[in-house]
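Commentary on secondary and tertiary structure
Residue-level listing of the chains:
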Amino acid sequence: MSILINKDTKVIVQGITGRDGAFHTEKMKAYGTNVVGGTSPGKAGQEVEGVPVFNSVEDAVKATGANASVIFVPAAFAADAIMEASYAGIELVVCITEHVPVQDMIKVTPVLKKHGTKLIGANCPGLITPEECLIGILPAMIFKKGNVGLISRSGTLTYEVVNMLTESGLGQTTCVGIGGDAVSGLYFIDLLEMYENDPATEAVVLIGEIGGDAEEQAARFIKEKMTKPVVAFIAGQSAPPGKRMGHAGAIISSGSGTAEEKIKAFKAADVPVAKEPRDIPGLVKEKLGL
Amino acid sequence: MKIHEYQARNLFRKYGIPVPEGVVCHTVDEVKQNVSDKDKLRVIKAQVHVGGRGKAGGVKLANTKAEAVEKAEQILGMEIKGITVEKVLVADAVDIEKEFYVGLINDRNSKSVTLMASAEGGVEIEEVAKVSPEKIIKMPIDPSMGLMPWQARKIAIQLFSDPKEIRQCANILVKLYRLYIETDSSLAEINPLVLTPDKQVLAIDGKMNFDDNALYRQKEILSMREADKDELKEIEANAKGLSYIKLDGNIGCMVNGAGLAMATMDMIKLYGGEPANFLDIGGSSNPQKVVDAMNILLSDQNVKSVMINIFGGITRCDDVARGLVIALDQIKTNVPIVIRLSGTNAKEGLEIIKQTGLPVVETMREAAQTAIELSKK
């Protein structure tokens, strides 16, 4: 078992004829992901890496029965691509594109809600269920099938931690990079709930960052709703406070957002917080009684 | 992107939000020329991108024109939190009966623009938010509908009681929302919004930030950019595809990925050092990027050692190593460097780096410890 994606997931690539789209289509296919099509307006009938190209997501879904999409279009067109996928009935949209304007993401949100679409990102590395399906730009070789779930706001730091987990013998059910933007799709709580309900996941690693209060909310959720152990790490503990926050930023989070407050919230929920990434595998093993 | 108070006031005026008369001046002569001869109460305010200017002496009152000139002379050129004041706003001071706070922000939780308002306006608003958050009214705005007049009135009624005042406030809120959306703002505050004894509702001080990711479609906003020295460095880095923030320590770090860059800074601090910067070079092995990054790093005179921390994912470590070798060959520096490579093809990468004779290590912890040692030599 896993969350969100598995060997049956049918993926289309939005922006498949672009440099990044084509490159990662090849990587995803090589990993065994079932990439069934791609889109590029006006290029229907072409093929990229043996994958048929369609003019629209709607056409691609009709022809292939795709239920997931991954987006590699430039930032100015990303919100449009997400909405197109949502309207075409795609269940899971993964937006890799970075630098998407916040107002665009705010406009996307009610559309996703209306259609029940799940979004990962934007500005994220994607997600992977090891040995079954990889959607995005994650380096496949560091992942191993197992029983640990992982959610992270960052990219390379995730790889760093996954590498340590794998090296210490801890494989993963599904690893999700949710992205670090202010307004994005699925967040910690949504995914924690999925891991809680996934029989194969026995522990979860949560990699947070300073800013916002998603970690504090996650801590509350863990305390109230979760039976499975969670281990956390917070990046940015040394960052100077208030670097990018005006009054309103401090107000909206009611004073939270610092590393200390996040760590405090996790400790209150019996979630150990690793001092450095290297301590994470040990803490997971401790929780699992290994 | 930040703008100054006087620029926010100009935008307010453009969108029909009432603000008292004022003029921005770069020199004392400009104050003499541009401020009317009439003696009246004015406020002279330093225009800098940092908070707490009032406490630092950057805001002063003047009763006459002569006094305004004198106060402007005191403020121009003064340092506030390390930033030299290059311009002042000379604005008419108004009598205040009551102060309020209104603001718009992109809220992560509701995933919407959220309107905030409080009857406890003024400089202590952050304290109000902390101590009595219930005194701050919050309203998420539906993006497909925008801020409707009835919603603006719903907020205004909680701040004012007189129908004329409620109408003025609601009007200001609707206009502020339009300004916010049309300029891809990420923060728009009026603090304080005031009620004068003659029952006028006015914006006295304004603060606006803009979404950097949307500047490509906001040419007019972009043309308002007046960056200070540290911000200029950050902008220069952005133009080269790097993300740089200067800090106060002496250990420079260069990392691929923002999360890992933060974790690297944390590691330096954890082992007793102080990071000199945050620097994310992104996911490419392009040698030019490394050269650019090193040049920015080393332009900071405080840097005593450099830690390069790369985790190879899709970008393989051996490619990164080749890029580093080319880059390091071009950079002539006496600042000691330690390199840490891990991930895809790390072994091959480490072999390549060893040819340069620079210290290479396999873990972040060793890299941090080595960088700290090197910084002390």
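A brief report on the enclosed structure follows. (Residues numbered from 1 in each chain as written. Chains lettered and ligands numbered in written order. Predicted model: local features only at pLDDT ≥ 70, side-chain atom pairs only at ≥ 80, totals over all residues. Heavy atoms only, no water.)

1. Re the sheet that holds strand β3 (residues 47-48) of chain A
Residue and element names in this part refer to chain A. On the basis of which strands lie adjacent, the open sheet formed by seven strands has the order β3-β4-β2-β1-β5-β6-β7 and mixed pairing. Edge positions in the sheet fall to β3 and β7 (118-121), since each has one partner strand and no second. Here four bridges tie strand β6 (residues 92-95) to β7, and the two strands are oriented parallel to one another. What sits directly across from V93, in β7, is L119. (Pairing = 2+ DSSP bridges. Helix = DSSP H or I, 4+ residues; strand = E, 2+ residues; numbered from the N terminus.)

2. Thoughts on the interface of chain B and chain A
Listed by partner, the interface residues are 58 residues for chain B and 62 residues for chain A. Approximately 4700 Å² of surface area, both sides summed, lies buried where chain B meets chain A, with 60% of it carried by carbon and sulfur atoms. The residue R217(B) makes a salt bridge to D104(A) at a minimum N-O spacing of 2.8 Å. Applying the counting criterion to the chain B and chain A interface returns 15 residue pairs in polar contact (both at pLDDT 80 or more). By residue number, the principal contributor to the side of chain B that touches chain A is helix α9 (residues 258-270) of chain B, which donates nine residues. For the side of chain B that touches chain A, the residue count by class is 27 nonpolar, 14 polar and 17 charged. (Contact = heavy atoms within 4.5 Å. Buried area = accessible area lost by both parts, 1.4 Å probe. Salt bridge = Lys/Arg side-chain N within 4 Å of Asp/Glu carboxyl O. Polar contact = N/O pair within 3.5 Å; in protein donor to acceptor, adjacent residues only side chain to side chain. Nonpolar A, V, L, I, M, F, W, Y, C, P; charged D, E, K, R; others polar.)

3. Some details on the packing of aromatic side chains
All told, the structure shown has three aromatic pairs over all chains when counted by the stated rule. Seen from their ring centres, Y159(A) and F311(B) are 6.4 Å apart, and the 50° between their planes marks the pair as tilted. With Y159(A) in helix α5 (residues 156-167) and F311(B) in strand β16 (residues 305-312), this pair bridges two chains. Both residues of the pair, Y159(A) and F311(B), belong to the buried class. Plain terms: the ring middles of F100(B) and F160(B) are 4.3 Å apart, the flat faces sit at 35° to each other, and that makes the pair tilted. Linking F100(B) in strand β7 (residues 98-107) with F160(B) in the loop between α5 (149-159) and α6 (163-182), this pair joins segments that are 60 residues apart in sequence. Both residues of the pair, F100(B) and F160(B), count as buried. (Phe/Tyr/Trp six-rings, centres within 6.5 Å; stacked < 30°, edge-to-face > 60°. Buried < 20%, exposed > 50% of the residue type's maximum accessible area, 1.4 Å probe, protein only.)

4. Here's the deal with the pattern of salt bridges
Enumeration according to the criterion identifies 30 salt bridges over all chains in this entry. Put simply, E132(A) and K145(A) hold a salt bridge, and the shortest N to O gap is 2.8 Å. With a gap of 13 residues between them, E132(A) in the loop between β8 (126-129) and β9 (133-136) and K145(A) in strand β10 (residues 145-152) connect regions that are remote in the sequence. Between D205(B) and R53(B) there is a salt bridge whose closest N-O contact spans 2.9 Å. Highlighted residues: D205(B) in the loop between β11 (201-203) and β12 (206-210) and R53(B) in the loop between β2 (42-46) and β3 (59-62), separated in sequence by 152 residues.

5. Brief notes about the pairing of strand β14 (residues 251-255) of chain B
Residues and elements named next belong to chain B. Summarising burial for β14: five of the five residues are buried, a large majority. Side chains I251, C253 and V255 project from β14 onto one buried face, and the interleaved G252 and M254 project onto a second face that is buried too. By the bridge criterion, five bridges tie β14 to β16 in an arrangement that is parallel. Following the sheet pairing, I251 is matched in β16 by S305.

Honestly, that's just the spatial picture; any functional story needs more than this.
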